[in-house]
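Each chain, written out:
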Amino acid sequence: MEDYRRIADRLAEEILTGRLKAGERLPPQRVFAKRRRIAGSTAGRVYGELVRRGLVVGEVGRGTFVRAAPVPSGRALAEPATTAVVNLELNYPSVEGQSELLAGGLVPLLRPDVLGEVTRAVPATGTAAAREAAAGLLAGSGWRPHPEQLLFAGNARQAIAGALASLVRPGGRVGVEALTYPLVKEIAARIGCVLVPLETDGEGLLPGAVAAAHRSAPLSALYVQPTLHNPTSATMGDARKRELAEVVRELGLPVVEDRIWSFLHEEGVPFAAYAPERVHVVDGLSKRVAPGLTVGFLVVPEGRVEAAAGALRSGGWTAGRFALEAGTRWIQDGVVDRLVADRRADAARRQRVVAELLDGFAVRADPSAYYAWWELPSPWRADTFTAAAAARGIAITPGPVFAVGAQAAPDAVRLGLASVPVPALGQALRTLRDVARGGP
């Protein structure tokens, strides 16, 4: 009997050479088996192998379709992964005059008598000045982290990795929103934990879904984005946060709260304020300041400093001293506050462009967010629309990249609004609008 992998190799070659085109539907497995004179179980393994390679996608009730391209890894949201003329995958804000503002804070660090000190190694606990500055920056309504509970990572992604590694043993289950930040999926794979998708609504994670999942099989931790959830930009109200805090307290469940985009939102009380003994807060400077010279913050509950610091050290995820010193100065000098104000105005301006140009489509976006979640009109699918956009020089992120587990992939795309000039953004949105109206 012919090995299923050889059959899959031949189909893969047809897909990669374009003989089987993006969006083309493969025959049902029983039909495929009959044509190839193979067992139905072998056909199932062939299709499964193609899914594993990211070349096809199975959709319940619809069939198996050739992908536009293999689903990109989370790196597509963290570093350039495309040659598209307009990149709406990356999402790094930059405002006019930013470099001049940042340069002032770097000048004192370049003096020979200072440079030697600020290029030394620094522990995960940073410096006293850095802890005080970060505590002030992260403080929100009704909540201010204690400086002694602050740790520093190279960026927010590393802070997430350190927090989860300190909380979850290999094989442990971590509850996440059913659509989540893609790099969390990569982090989970690297540290050996299993992500459990949890139901959400227009306000974010449902507390009842957390309790139900934990009853089914105990969760080790919860990762959640309560403010400007990526990709949907949902934000929890205070009542929802209180309800979720009661659930995690009752279950004894530790939480990693990702607040990386929260600086854009004039929100109420942070979730950490409702359960400070359970919540590990992750934040950073990359979105506020610049992606290439950044620091990640990790605020841990009392008694958790050494465990979390140990995880950061063992993973090689601690902050660099120069970046930490620069960030501290930018916070102290008020530069970060000025950049935040500029970014809030910039994000709001870009959302107005989205609202105007994509009016009439099912677009979900908070007016303060730097991204928009577009549920595509039928018969478009996420992969074929992404391919159509790429053919026109526009890179977007297909919805399945954010999906966790075996759930049906959403026919939606995320538009990152921050990384291109506003005129280029407007032109790209006009093009995408025309593509959506034209149909596949």
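Our structure's up above, just so we're on the same page.
Quick look at the structure, then. Quick caveat, the model's predicted, so the values are computed rather than measured.

## Quick look at the overall build of the protein chain
Consideration 1: Tallying secondary structure elements over the protein chain gives 15 helices and 18 strands in all.
Consideration 2: In summary, the protein chain has a C-alpha radius of gyration of 23 Å against a globular reference of 22 Å for 440 residues, a match within 12%.
Consideration 3: Taking the principal axes of the C-alpha coordinates as reference, the protein chain spans close to 75 × 50 × 45 Å.
Consideration 4: Expressed as a percentage of its 440 residues, the buried residues of the protein chain come to 55%.
Consideration 5: Of the roughly 18,700 Å² of accessible surface on the protein chain, a fraction of 51% belongs to carbon and sulfur atoms.
Consideration 6: Distance between charge centroids for the protein chain: 7 Å, based on 52 positive and 45 negative side chains.

## Describing helix α3 (residues 40-52)
Consideration 1: Taking 1.5 Å per residue as the helical rise, α3 with its 13 residues ought to reach 18 Å, and the 18 Å between its terminal C-alpha atoms agrees with that figure.
Consideration 2: Taken together, the buried positions of α3 are Thr-42, Ala-43, Val-46, Tyr-47, Glu-49 and Leu-50. Axial view of α3: buried residues confined to an arc of 155°, hence all on one face. Looking at α3, the residues exposed on the side facing more than 90 degrees away from the buried face are Ser-41, Arg-45 and Arg-52.
Consideration 3: Immediately beyond the C-terminal end of α3, within one or two residues, lies Gly-54, with a positive phi of roughly 80°.

## Quick look at the packing of aromatic side chains
Consideration 1: Applying the stated criterion across every chain yields a total of nine aromatic pairs.
Consideration 2: When the ring of Trp-261 is compared with that of Phe-263, the centres are 6.4 Å apart and the planes differ by 20°; the resulting orientation is stacked. The exposure classification of Trp-261 matches that of Phe-263, with both residues buried.
Consideration 3: Aromatic ring contacts, followed pair by pair, group Trp-261, Phe-263, Tyr-370 and Tyr-371 into a single cluster.
Consideration 4: For Arg-381, the ring lying beneath its charged end belongs to Phe-65, and the centroid distance is 4.0 Å.

## What to know about the pattern of salt bridges
Consideration 1: Enumeration over the complete set of coordinates arrives at 17 salt bridges.
Consideration 2: The shortest N-O distance in the salt bridge between Arg-321 and Glu-117 comes to 3.3 Å. Note that Arg-321 is positioned in helix α12 (residues 321-332) and Glu-117 in helix α5 (residues 112-118), a separation of 204 residues in sequence.
Consideration 3: Residue classification places Arg-321 among the buried residues on the basis of a relative accessible area of 13%.
Consideration 4: Overall, the relative accessible area of 39% leaves Glu-117 in the partly exposed class.
Consideration 5: In this structure, the salt-bridge partner of Arg-349 is Asp-346, at a minimum N-O distance of 2.8 Å. Taken together, the residues Arg-349 and Asp-346, both in helix α13 (residues 335-357) and three residues apart, mark about one turn of the helix.
Consideration 6: Overall, the relative accessible area of 38% leaves Arg-349 in the partly exposed class.
Consideration 7: Owing to a relative accessible area of 3%, Asp-346 belongs among the buried residues under this scheme.
Consideration 8: The network of salt bridges with common partners includes Glu-117, Arg-120, Arg-321 and Glu-325.

## Considering the side chain of Asp-346
Consideration 1: For Asp-346, the side chain forms a polar contact with the side chain of Tyr-370, separated by 2.6 Å.
Consideration 2: Ignoring any residue separated from it by four or fewer positions in sequence, one finds Asp-346 in contact with Val-95 and Tyr-370.

## So, empty space enclosed by the protein
By rolling a water-sized probe across the atoms, one finds the places where empty space is left.
Consideration 1: All told, the structure shown has two cavities of 30 Å³ or more when counted by the stated rule.
Consideration 2: Reported here for the second largest cavity is a volume of approximately 50 Å³.
Consideration 3: Along its surface, the second largest cavity is lined by Ala-130, Ala-134, Phe-152, Leu-285, Val-295, Phe-297, Ala-323, Leu-324, Gly-327, Thr-328 and Ile-331.
Consideration 4: Looking at the lining of the second largest cavity, the elements with two or more residues in it are α6 (128-138) and α12.
Consideration 5: Examining the composition of the lining of the second largest cavity, we find that five residues originate from one element, α12, more than from any other.
Consideration 6: Considered class by class, the residues forming the lining of the second largest cavity number nine nonpolar, two polar and no charged.

## Concerning the side chain of Asn-91
Consideration 1: Along the chain, Asn-91 falls in the loop between β4 (86-87) and α4 (98-106).
Consideration 2: Accessibility expressed as a relative area gives 3% for Asn-91, which makes it buried.
Consideration 3: A distance of 3.1 Å separates the side chain of Asn-91 from the backbone nitrogen of Leu-417, its partner in a polar contact.
Consideration 4: Beyond its immediate stretch of four places on either side in the chain, Asn-91 contacts Trp-261, Lys-287, Tyr-370, Tyr-371, Arg-414, Gly-416, Leu-417, Ala-418 and Ser-419.

Reading guide: rules and limits
Residues numbered from 1 in each chain as written. Predicted model: local features only at pLDDT ≥ 70, side-chain atom pairs only at ≥ 80, totals over all residues. Heavy atoms only, no water. Helix = DSSP H or I, 4+ residues; strand = E, 2+ residues; numbered from the N terminus. Rg over C-alpha atoms; globule rule 2.2 N^0.38 Å. Buried < 20%, exposed > 50% of the residue type's maximum accessible area, 1.4 Å probe, protein only. Areas by Shrake-Rupley, 256 points an atom, 1.4 Å probe, with all protein chains shown as cover. Lys, Arg positive; Asp, Glu negative; His and termini not counted. Charge placed at Lys NZ, Arg CZ, Asp CG, Glu CD. Expected span 1.5 Å × (residues − 1). Arc of directions from axis to C-beta. Phe/Tyr/Trp six-rings, centres within 6.5 Å; stacked < 30°, edge-to-face > 60°. Lys NZ or Arg CZ within 6 Å of the ring centre and 35° of its normal. Salt bridge = Lys/Arg side-chain N within 4 Å of Asp/Glu carboxyl O. Polar contact = N/O pair within 3.5 Å; in protein donor to acceptor, adjacent residues only side chain to side chain. Contact = heavy atoms within 4.5 Å. 1 Å grid on protein atoms, 1.4 Å probe; cavity = no way out; pocket = protein on both sides within 12 Å on 5 of 7 lines; lining within 4 Å. Points joined across faces, edges and corners; volume = space filled by probe spheres on them. Nonpolar A, V, L, I, M, F, W, Y, C, P; charged D, E, K, R; others polar.

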